[in-house]
Amino acid sequence: MKDQLLIEEALLAREQSYCPYSNFAVGAALLTGSGKIYHGCNIENASYSVANCAERTAIFKAVSEGEKEFIAIAVVGGQKDAPPVDYTYPCGVCRQVMSEFGNPEEFRILVAKSVSEYKTYVLKDLLPESFSLL
Ligand code: THU
């Protein structure tokens, strides 16, 4: 799958963001080993700390459908109702969740402003020396 396609899917996912408190809309698209794409958006709550990030929404959807092999995730974010102007990097909690399932050297993270302006990392770049019990 082309990086650009995964970014397009993340931009589509972002349209579903529920972010009335921060007005910061995030979308994610997760490519799994089976070739499927799982979409995620941030979902906020009046009890602020309950908010779920776009990345974890996508990952939890995938795991709950039986998928545990992750290839890549694209992430886009920015002010609601406007195109992204900066890169949105996964928060620490989402990086830890990624590390539960993604290979540190192979799982790719694409942070994008648009389909043509993006950066790619592998998990160990964003979460070195990660915590694991397995
Ligand atoms: N957020 C994400 O969904 N993903 C990130 O990588 C960073 C932050 C969300 C959480 C909250 O709804 C909003 O962005 C502002 O922090």
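Please refer to the structure higher up on the page.
I will try to describe carefully the structure that is included in this document. (Residues numbered from 1 in each chain as written. Predicted model: local features only at pLDDT ≥ 70, side-chain atom pairs only at ≥ 80, totals over all residues. Heavy atoms only, no water.)

### Observations concerning the overall build of the protein chain
Phase 1 of the analysis: Each helix and strand counted, the protein chain has four helices and five strands in total.
Phase 2 of the analysis: For the protein chain, the sequential pattern of α-helices and β-strands runs α-β-β-α-β-α-β-β-α.
Phase 3 of the analysis: For 134 residues, the compact-globule formula gives about 14 Å, and the C-alpha radius of gyration of the protein chain, at 14 Å, lands near that figure.
Phase 4 of the analysis: With respect to the principal axes defined by its C-alpha atoms, the protein chain has extents near 40 × 35 × 30 Å.
Phase 5 of the analysis: Of the side chains in the protein chain, 12 bear a positive and 17 a negative charge, and the two mean positions are spaced by 2 Å. (Helix = DSSP H or I, 4+ residues; strand = E, 2+ residues; numbered from the N terminus. Rg over C-alpha atoms; globule rule 2.2 N^0.38 Å. Lys, Arg positive; Asp, Glu negative; His and termini not counted. Charge placed at Lys NZ, Arg CZ, Asp CG, Glu CD.)

### Comments concerning the sheet that holds strand β4 (residues 108-112)
Phase 1 of the analysis: Spatial strand order, β2-β1-β3-β4-β5: five strands in an open sheet with mixed pairing. Every other strand in the sheet has two partners, leaving β2 (37-41) and β5 (118-122) as the edge strands with one partner each. Across the sheet, the axes of successive neighbouring strands diverge by a mean angle of 15°, strand direction being ignored.
Phase 2 of the analysis: Direction of pairing for strand β3 (residues 70-79) relative to β4: parallel, over a ladder of four bridges. (Pairing = 2+ DSSP bridges. Axes fitted to C-alpha atoms, helices over the stretch in contact; angles between N-to-C directions.)

### Examining the side chain of T57
Phase 1 of the analysis: Summarising the element assignment, T57 is placed in helix α2 (residues 54-64).
Phase 2 of the analysis: A distance of 3.0 Å separates a polar atom in the side chain of T57 from a polar atom in the side chain of N52.
Phase 3 of the analysis: From its side chain, T57 meets the backbone oxygen of C53 in a polar contact 3.0 Å long.
Phase 4 of the analysis: In contact with T57, not counting residues within four places along its chain, are G40, C41, I43 and N52. (Polar contact = N/O pair within 3.5 Å; in protein donor to acceptor, adjacent residues only side chain to side chain. Contact = heavy atoms within 4.5 Å.)

### Some remarks on the side chain of N42
Phase 1 of the analysis: With respect to the secondary-structure elements, N42 resides in the loop between β2 and α2.
Phase 2 of the analysis: Excluding anything up to four places from it in sequence, N42 contacts S17, Y18, C19, F24, A25, V26, N52, C53 and A54.

### So, the site of the ligand
Phase 1 of the analysis: Every residue near the ligand is listed here: S22, F24, V26, N42, E44, C53, A54, E55, T88, Y89, P90 and C91.
Phase 2 of the analysis: With respect to the ligand, the side chain of E44 contributes an N or O atom lying 2.5 Å from an oxygen atom.
Phase 3 of the analysis: E55 is positioned such that a nitrogen or oxygen atom in its side chain is 2.6 Å from an oxygen atom of the ligand.
Phase 4 of the analysis: Relative to its unbound accessible surface of 370 Å², the ligand loses 77% to contact with the protein.
Phase 5 of the analysis: Looking at the shell around the ligand, the elements with two or more residues in it are β1 (24-32) and α2. (Near = heavy atom within 4 Å. Areas by Shrake-Rupley, 256 points an atom, 1.4 Å probe, with all protein chains shown as cover.)

### Brief notes about helix α3 (residues 92-101)
Phase 1 of the analysis: All of the buried residues along α3 are C94, R95, V97 and M98. Along the axis of α3, the buried residues cluster in a sector spanning 160°; they form a single face. (Buried < 20%, exposed > 50% of the residue type's maximum accessible area, 1.4 Å probe, protein only. Arc of directions from axis to C-beta.)

### Here we look at the pattern of salt bridges
Phase 1 of the analysis: Counted under the stated rule, the structure contains four salt bridges.
Phase 2 of the analysis: In this structure, R108 engages D3 in a salt bridge whose closest nitrogen and oxygen atoms are separated by 2.9 Å. Here R108 is found in strand β4, whereas its partner D3 is found in helix α1 (residues 3-14), with 105 residues between them in sequence.
Phase 3 of the analysis: Taking the relative accessible area as the measure of exposure, R108 reaches 29% and is therefore partly exposed.
Phase 4 of the analysis: Notably, a salt bridge pairs K113 with E117, separated by 3.6 Å at the nearest N-O pair. (Salt bridge = Lys/Arg side-chain N within 4 Å of Asp/Glu carboxyl O.)

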